[in-house]
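The primary structure of each chain is shown beneath.
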Amino acid sequence: MITPDPDKIEQMNTEVNGKLTSAFRYLISDVLQRPDAAKIVSCAPPVHALQFLMREAAARNDVADIQSLYDTHGHILYKTDDTTACQIMPLASPKMGVSDTAMYRAAFQDDVGLTTQRTTPSAALITHFNALFSQIHHTMQQHLPLWSRELESLVRTIVLATAQENKFGGASAFAGWGSVLVNPASCHSVLGTALTIVHESSHLKLFYPYLDDEIVLNDPDDRYASPLRREARPMNGIYHAAFVLARMVLFLQDVKDIDTEHCVFGGVSMQDVHQEQAQLITAFDAAYDVIASQGVLTPLGQKIIHEAADVVARCAQP
């Protein structure tokens, strides 16, 4: 799970999209008694978000809401998905459309309220991000092919949005499978932006094992001291943070291996890469200590976090 594995991501996509199609067939054919399910052609991120909202309505036994969601947004199921890998899409842009915008807003509900007032970025910020990502994508394709292929399989759409106070860097959600949200106002360097994308896509990757396994068994209402935030967090949040930190540490290790003289990410010095990695290792160790001492994990949860710890330990060696 920690090391990039594009073939595994393709398997994940096949399974997740298969579950998506099955869920829609049930909701449309059995619940709404409509014949349209056989015509579904899209598994784009907004379609995942629509299924999430319809499933929530089904859990409330609210057939009227399922019908309303389908009547309002169901057309996106039958729209051919022509997005390419890692397509950059500003939130609420004309190309995105009303229903896609509504679905992305619903998917990226944030638990700490940092992304509740999301708006379309300015043209200057969009241009700025496109330039940064162009460098990142080129470098990854040329020097980090496994990371590049995994990213392209994981992320179909990079949604750009800003918030009123520009507090958040990015967000991800299983409801928006295949997409990540990035705040271009928080992207100040090529390397920093690359880490943001690795960060959010790593969350996306970790959502997959939760499909069939609880991973973390701690009571979700319990809170634990977080080494990364001022406020205490559920153990699941700390677990996710540790996984993401381990992936970022490994990514920087692979960046260091590109060239011992200089870093190809925006010309940043290799010393800065070492310092960034050291800070991430410290943060991982702090999160891992909390998990090891207070976490209640399933066997799969233990396997994943122990793999993360082993990877970070190897990267920490001089």
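The preceding data block contains the structure.
Owing to the predicted nature of the structure, the values given are computational and were not obtained by experimental measurement.

**Some details on the overall build of the protein**
Across its full length, the protein holds 10 helices and 6 strands. Here the protein has a C-alpha radius of gyration of 20 Å; the compact-globule value for 318 residues is 20 Å, and the two agree. On the principal axes, the C-alpha backbone points of the protein span a range of 65 × 45 × 40 Å. For the protein, the residues scored as buried account for 50% of the 318 residues in total. Residue pairs at least 24 apart in sequence account for 73% of intrachain contacts in the protein once pairs closer than 6 positions are excluded. About 14,600 Å² of surface is accessible on the protein, with carbon and sulfur atoms providing 50% of the total. For the protein, the separation between the mean place of its 23 positive charges and that of its 36 negative charges on side chains is 5 Å.

**What about the pairing of strand 3 (residues 157-160)?**
Of the two faces of strand 3, the one holding Thr157 and Val159 and the one holding Ile158 and Leu160 are both buried throughout. Bridge analysis of strand 1 (residues 87-90) against strand 3 gives 4 bridges, and the strand direction is parallel. In the strand pairing of strand 3, isoleucine 88 is matched with isoleucine 158. As paired strands, strand 3 and strand 6 (residues 179-182) are joined by 4 bridges and run parallel to one another. Bridged to isoleucine 158 within strand 6 is valine 180.

**Considering the side chain of aspartate 100**
Tracing the backbone through its elements, the reader meets aspartate 100 in helix 4 (residues 98-107). Setting aside anything within four residues of it in sequence, one finds aspartate 100 in contact with Pro46, Ile76 and Lys79.

**Brief notes about the environment of phenylalanine 243**
Mapped onto the fold, phenylalanine 243 is located in helix 8 (residues 235-256). Distance from phenylalanine 243 to methionine 54, taken between C-alpha atoms, is 30 Å for residues 189 residues apart in sequence. Non-local contacts of phenylalanine 243, meaning those with residues more than four positions away in its chain, are made with Met1, Ile2, Ser202, Leu206 and Ile304.

**Side note on the state of the cysteines**
With the rule as written, the count across this model stands at 0 disulfides. Of the cysteine sulfurs around cysteine 187, a residue in no disulfide, the closest is that of cysteine 86, at 14 Å. A relative accessible area of 2% means that cysteine 187 is categorised as buried.

**Focus: the layout of surface pockets**
In this model, the second largest pocket occupies a volume close to 340 Å³. Lining the second largest pocket are 22 residues, and of these Lys79, Asp81, Asp82, Thr83 and Asp100 sit closest to its centre. Contributing elements (two or more residues each) for the lining of the second largest pocket: helix 2 (45-59), strand 1 and helix 4. It is helix 4 that provides the largest number of residues to the lining of the second largest pocket, a total of 4 residues. Class assignment for the residues of the lining of the second largest pocket results in 9 nonpolar, 8 polar and 5 charged.

**Points about helix 10 (residues 299-316)**
In this model helix 10 runs 26 Å from its N-terminal to its C-terminal C-alpha over 18 residues, within 8% of the 26 Å that 1.5 Å per residue would give. Taken residue by residue, helix 10 has Gly301, Ile304, Ile305, Ala308, Ala309, Val311, Val312 and Cys315 as its buried positions. With its buried residues spanning 165° around the axis, helix 10 presents them on a single face. Among the exposed residues of helix 10, those oriented more than 90 degrees off its buried face are Pro299, Lys303 and Arg314. Where helix 10 is buried, its residues meet helix 7 (190-207), helix 8 and helix 9 (270-294).

**Description of the pattern of salt bridges**
Under the counting rule described, the total for this entry stands at 7 salt bridges. Here aspartate 62 ties to arginine 60 by a salt bridge, and the two come within 3.9 Å at their closest N and O atoms. The exposure class of aspartate 62 is partly exposed, given its relative accessible area of 26%. Through salt bridges with shared partners, a single network forms among Arg60, Asp62 and Asp65.

**Observations regarding the sheet that holds strand 3**
Overall, mixed pairing links the 4 strands, which are arranged 1-3-6-5 in an open sheet. Two strands lie at the open edges of the sheet, namely strand 1 and strand 5 (170-171), each paired on one side alone.

**Digging into the packing of helix 5 (residues 123-143) against helix 7**
Interaxial distance between helix 5 and helix 7 falls to 9 Å at its minimum, and their mutual angle equals 80°. Relative to helix 7, the element helix 5 lies roughly perpendicular. Taking contact as the criterion, the partners of Phe129, Leu132, Phe133, Gln135 and Ile136 in helix 5 are, on helix 7, Val190, Thr193, Ala194 and Ile197. Its residues assigned to classes, the contact of helix 5 with helix 7 comprises 7 nonpolar, 2 polar and no charged.

Thresholds, definitions, all that
Residues numbered from 1 in each chain as written. Predicted model: local features only at pLDDT ≥ 70, side-chain atom pairs only at ≥ 80, totals over all residues. Heavy atoms only, no water. Helix = DSSP H or I, 4+ residues; strand = E, 2+ residues; numbered from the N terminus. Rg over C-alpha atoms; globule rule 2.2 N^0.38 Å. Buried < 20%, exposed > 50% of the residue type's maximum accessible area, 1.4 Å probe, protein only. Contact = heavy atoms within 4.5 Å. Areas by Shrake-Rupley, 256 points an atom, 1.4 Å probe, with all protein chains shown as cover. Lys, Arg positive; Asp, Glu negative; His and termini not counted. Charge placed at Lys NZ, Arg CZ, Asp CG, Glu CD. Pairing = 2+ DSSP bridges. Disulfide = S-S within 2.5 Å. 1 Å grid on protein atoms, 1.4 Å probe; cavity = no way out; pocket = protein on both sides within 12 Å on 5 of 7 lines; lining within 4 Å. Points joined across faces, edges and corners; volume = space filled by probe spheres on them. Nonpolar A, V, L, I, M, F, W, Y, C, P; charged D, E, K, R; others polar. Expected span 1.5 Å × (residues − 1). Arc of directions from axis to C-beta. Salt bridge = Lys/Arg side-chain N within 4 Å of Asp/Glu carboxyl O. Axes fitted to C-alpha atoms, helices over the stretch in contact; angles between N-to-C directions. Parallel < 35°, antiparallel > 145°, perpendicular 65-115°, else oblique.

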